[in-house]
Structure formats: C-alpha cells, structure tokens
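# Breakdown of the fold
What follows is the residue order along each chain.
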Amino acid sequence: MPAGVFFEKYEKVLAFIKWPIHKVALLIGLPVAFLWPLAFPHDYLIRVAIWIIVWSLAAAGFNLLFGLAGQISLAQGAFMALGAFTSIHLATNGIHPFIAIPIAGVIVSGAGLLFGLPSLRLKELYLLISTLAAQFFFDWFLRTEQMAWFTGGAYAKYAPPLTLGPLDLSYGYPLYLTVVAIAALHFYAVANLGRSYIGRALKAVRDRDIAAEIIGVNVFKYKLLAFVVSTYLAAIAGGLWAFALRSVSVESFTLLTSLEVLAAVLIGGVGRIIWGSLLGALFVVGVPEAIKYGLATFGVRGVDIALRDVIFGSLILAFLLLEPLGLVELLRKVKERVRLFPFRYFA
C-alpha cells in the first residue's frame, strides 16, 4: 500500500470493496460483462468469452491454493476432466445439470482431499511432483477401456442440453449469461473466504507454517481445505465447460490445461484471487486467439500455429521479466500514477 493511504475505521478494512477504483470497475465492468454480447452477437466471440470465464474459475481455485495457502498443484486439468465427466454422467442419469455440476464438484473434491494428503510432509518442488503424478494418473486412468462407459472411450462424451424449465440455455447469449452468473457466485464466495478467518489461517500457513502451528492454526486441516476448495472450483469449471461445448473427451483436459491455469495465475497476479485470475485467463486465452486472428488477417498460412506459440511464449517471457507481480500490479501502478498526477510516483 502506498505511503499516505490508510484506513481510519475497521469497517473499511473489512469491507468487501475497499477502494473507489474497485467500485468504478464493478459499476462499469458488470454491465459490460452482461451486455456486450448484445452489441457483438458473434458465436465465436461468445465462445471465447465463455472459455475465458471457465479458465478464470479454474485459475481462481489454483490461486487460492497457491497464492493464499502457499501450496502448489499441477493437477487442475485432471480435476477439470473429472468434474466434466462426472457432471455429464449425473445429468444423463436424470439429475438436472444445475444440480449435477455442484454435486460433481463435491464428489471430485474427494480426489483433492486424497491427493492433498502429501502436503503434510511435502513442500514446493516435491509437492509439485506429487500433484504432477496425480495429473498423469488420471490422464491414464480415464483413457483405459474400463472407463469407456464414463468418458466415452475413443469417442466424445455428449452432454444433455442445458435447460431451465421451458428455457433453452445451451447456446449463445443465454449460455453466456448462465456461465457468468454461476462463475460470479463462486467468485463472490471465494473472495469472502479469503477475507474470513479461514483466509487468514491460510495466509499464516503460507507465510510460516511452523509459526502458524505454534499459535494454534491446524496446519494440516487448512492445507487440506485449500486443496478441497481448489479441486471443487476446478471441477465446477470442468462441468461448465462440458455443458458449454456439449461434448468433451479425455483430450480436452491434459497437462497443457494445468499449465495454462498455472500461467494464468502467474500472469494475472499470485494471491489476487479474483482480478488476478480474470486478467490472467483473459491473457492466456484471449491473446493466442487474437494472434491467430491477426495472422489469418495477414494471410499467414502453414506456420500459423507454430508462429502463434512463439509469439505467445515471447509475450509471457517478456511480461514475467518486466512485471513479475502480474497484471494486477501493473494496473495498480497505473492507478497510482493517475491518482497522484501531476506528481511522480515511484513503485
């Protein structure tokens, strides 16, 4: 926090929206988020927007785990796959999709609880390797012939249409509104979790787990809680993506998915659960699509995919070198320069 900026009342410290810039962002951002598809009713743009929202929800789960609790995981892609296939399986067996998705999240949270157990003994790189093993395990397990009834085997698994009474929400603007509404509810819940005593306990575990245990924080309990909540959000994201695409396969969620979620958190801002996850997902999903569109506009063919990956990788590298704290920190610096103008501000 810059010098000279302070709160005078505890109510402001505990407020959900602390700064005027956040109020302005919400007043402008919420109407834009809900209404822009009416101005640009293009199916491709709506599909990319849904893609960004789903990835930001998975990134929020990883950001809570990594940024708030100090634990790391490379299995978000696997948990998204489990959430997607479990949601479809429940929906095809008579459970409404709006009920099937959260039930799938709770079920898949059990896997997060199981693979969170090594966090009691393992840290940093060793914990990363153990979660990477979970990613490879589920990637193999879901491809076996015995799981073909669950995943569709060599074929895609088709989801039933997303409906609410007589309303068909399975395509276009209604689908977009549904995904935004569900994601917004989960973002609000996670943001409040970070502000509660649970969030403070997770931060204590992240900063110094031994000291946290000395002052009475149950380190093992809160580490497992972080894994469970992170896995739940990944499963919800996978379920939303399954009903948005209407069909998914094992190839839809791989190690690359986990790496994209990790990149979104690093680029957006570690520990900034809402804005960092949203901005990071916007960068990870939106920038490659913009590069692909730009290359197609200039008539680049044949090497467009490789060239897109090279440009995108270079942008990530340059960004991490120039602003390692993420897009949220970059926007904070811009905000402070505007606030203190015409005086100079040194970050």
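Quick summary incoming for the structure in this document. Since the model is a prediction, treat every value here as computed from it, not as a measurement. (Residues numbered from 1 in each chain as written. Predicted model: local features only at pLDDT ≥ 70, side-chain atom pairs only at ≥ 80, totals over all residues. Heavy atoms only, no water.)

To continue, consider the pattern of salt bridges. Here the structure, examined in full by the defined rule, presents five salt bridges. With its nearest N and O atoms 2.5 Å apart, the salt bridge here joins arginine 143 to glutamate 251. Of the two residues, arginine 143 is situated in the loop between helix H6 (124-141) and helix H7 (148-151) and glutamate 251 in the loop between strand E4 (247-248) and helix H12 (255-268); the sequence distance between them amounts to 108 residues. Take arginine 143: its relative accessible area is 41%, and that puts it in the partly exposed class. One salt-bridge network, held together by shared partners, links Asp139, Arg143 and Glu251. (Salt bridge = Lys/Arg side-chain N within 4 Å of Asp/Glu carboxyl O. Helix = DSSP H or I, 4+ residues; strand = E, 2+ residues; numbered from the N terminus. Buried < 20%, exposed > 50% of the residue type's maximum accessible area, 1.4 Å probe, protein only.)

Turning next to a nonpolar patch on the surface. Taken together, the side chains of Ile21, Val24, Leu27, Ile28 and Val32 present a nonpolar region at the surface, about 470 Å² in accessible area. By secondary structure assignment, the location of valine 32 is in helix H2 (residues 20-39). Note on valine 32: relative accessible area 47%, which makes it partly exposed. (Patch = residues over 30% accessible without salt bridge, like charges linked within 9 Å, V, L, I, M, F, W, Y side chains within 5 Å. Areas by Shrake-Rupley, 256 points an atom, 1.4 Å probe, with all protein chains shown as cover.)

This brings us to the nonpolar core. One recurring pattern in soluble globular proteins is that nonpolar side chains are buried together. If you look at the biggest cluster of nonpolar residues, it comprises 97 residues, and the most contacted ones within it are Ile50, Val54 and Leu64. Of all the elements, helix H3 (residues 43-68) adds the most residues to this core, at 16 residues. Other than its neighbours up to four places away in sequence, leucine 64 contacts Ala69, Val190, Leu193, Leu202, Ala226, Val229 and Ile273. (Core = buried A, V, L, I, M, F, W, Y, C linked by side-chain atoms within 4.5 Å. Contact = heavy atoms within 4.5 Å.)

With that out of the way, let us pick up a positive patch on the surface. Together, Lys18, Arg195, Arg200 and Lys203 make up a region of like positive charge exposed at the surface. Tracing the sequence through the fold places lysine 203 in helix H9 (residues 197-207). (Lys, Arg positive; Asp, Glu negative; His and termini not counted. Charge placed at Lys NZ, Arg CZ, Asp CG, Glu CD.)

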